[in-house]
Amino acid sequence: AAKRTLKESGGWKVTLEYILALGNYLNNKNKKGGAYGIRLSSLDKLKGMKSTDGKSNLLEFLVLQLQTFQPHARDFIDDFGVLAEAARVDITFLEGQVSKTLGMVRRIGNAVKNAKDDSTDRFGPVMTEFHKEAKESM
């Protein structure tokens, strides 16, 4: 759900487009200008880039531009509620579950290989197809 939220959030896309445009504008005289994308780690730099008078920063300028020209872009904040849930997932537990699932798929593969060819037993044909699909989805 979190991945889909990131991909489908129109406001997030507009915000990233503005950030890319700002970066390309500011870097137009050097080799970093004309970029096709941004690194998410560069988002941290928005707050640190101060105006010449030191009273504001690039993040504040970005917010002002979005409020003025793309007010719907702020909707991405609401879209990201699902990300808080994703952040609470225990990675160690998740890795353990994936490992168990992979082990089970391997055991099924071994059972399928060792299954006897018996026209009255449907285990071989059914589990062969299941194993094939399970391996492809991993």
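Residues numbered from 1 in each chain as written. Predicted model: local features only at pLDDT ≥ 70, side-chain atom pairs only at ≥ 80, totals over all residues. Heavy atoms only, no water.

A. Molecular detail of the overall build of the chain. When helices and strands are tallied, the chain shows eight helices and zero strands. When the elements of the chain are put in sequence order from the N terminus, they spell out α-α-α-α-α-α-α-α. In summary, the chain has a C-alpha radius of gyration of 25 Å against a globular reference of 14 Å for 138 residues, an excess of more than 25%. Its C-alpha atoms give the chain principal-axis dimensions of roughly 80 × 35 × 25 Å. In the chain, which comprises 138 residues, the share counted as buried stands at 21%. Looking at the chain as shown, the accessible area adds up to about 11000 Å², and 56% of this sits on carbon and sulfur atoms. (Helix = DSSP H or I, 4+ residues; strand = E, 2+ residues; numbered from the N terminus. Rg over C-alpha atoms; globule rule 2.2 N^0.38 Å. Buried < 20%, exposed > 50% of the residue type's maximum accessible area, 1.4 Å probe, protein only. Areas by Shrake-Rupley, 256 points an atom, 1.4 Å probe, with all protein chains shown as cover.)

B. Region of interest: a positive patch on the surface. On the surface, a cluster of positive charge is contributed by Lys31, Lys32, Arg39 and Lys45. Among the structural elements, Lys31 can be located in the loop between α2 (10–26) and α3 (45–48). (Patch = residues over 30% accessible without salt bridge, like charges linked within 9 Å, V, L, I, M, F, W, Y side chains within 5 Å. Salt bridge = Lys/Arg side-chain N within 4 Å of Asp/Glu carboxyl O. Lys, Arg positive; Asp, Glu negative; His and termini not counted. Charge placed at Lys NZ, Arg CZ, Asp CG, Glu CD.)

C. Spotlight on the packing of aromatic side chains. Across all of its chains, the model carries three aromatic pairs by this definition. Pairing Phe76 with Phe80 gives two aromatic rings, centres 5.2 Å apart and planes at 65°, and the pair type is edge-to-face. Members of the aromatic cluster, connected to one another through ring pairs, are Trp12, Phe76 and Phe80. (Phe/Tyr/Trp six-rings, centres within 6.5 Å; stacked < 30°, edge-to-face > 60°.)

D. Just the environment of Ala111, in detail. Among the structural elements, Ala111 can be located in helix α7 (residues 91–114). Looking at Ala111, the relative accessible area reads 33%, which means it is partly exposed. Through-space distance from the C-alpha of Ala111 to that of Phe123 is 9.4 Å; in sequence the pair is twelve residues apart.

E. Quick peek at helix α4 (residues 58–69). With twelve residues, α4 should cover 16 Å at 1.5 Å per step; its first-to-last C-alpha distance of 16 Å lies within 8% of that length. Elements in contact with the buried residues of α4: α2 and α3. Two or three places before Leu59, at the opening of α4, Asn57 has a side-chain oxygen 3.0 Å from that residue's backbone nitrogen. (Expected span 1.5 Å × (residues − 1). Contact = heavy atoms within 4.5 Å. Polar contact = N/O pair within 3.5 Å; in protein donor to acceptor, adjacent residues only side chain to side chain.)

F. Geometry of a nonpolar patch on the surface. A cluster of nonpolar side chains, namely Val89, Ile91, Leu94, Val98, Leu102 and Met138, defines an oily patch on the protein surface of about 490 Å² accessible area. If you trace the backbone, Val89 turns up in the loop between α6 (81–87) and α7.

G. Layout of the confidence of the model for the chain. Residues with a pLDDT of 70 or more make up 100% of the chain, whose mean pLDDT is 88. Ranking the elements of the chain by mean pLDDT puts α6 last with 78 and α4 first with 95. (pLDDT = per-residue confidence, 0-100.)

H. Region of the structure containing the nonpolar core. Counting residues in hydrophobic clusters, the biggest one holds eight residues: Val14, Ile19, Leu22, Leu46, Leu58, Leu62, Leu66 and Ala73. Elements with a minimum of two residues in this core: α2 and α4. When neighbours within four sequence positions are excluded, Leu58 is seen to be in contact with Leu22, Leu26, Leu46 and Met49. (Core = buried A, V, L, I, M, F, W, Y, C linked by side-chain atoms within 4.5 Å.)

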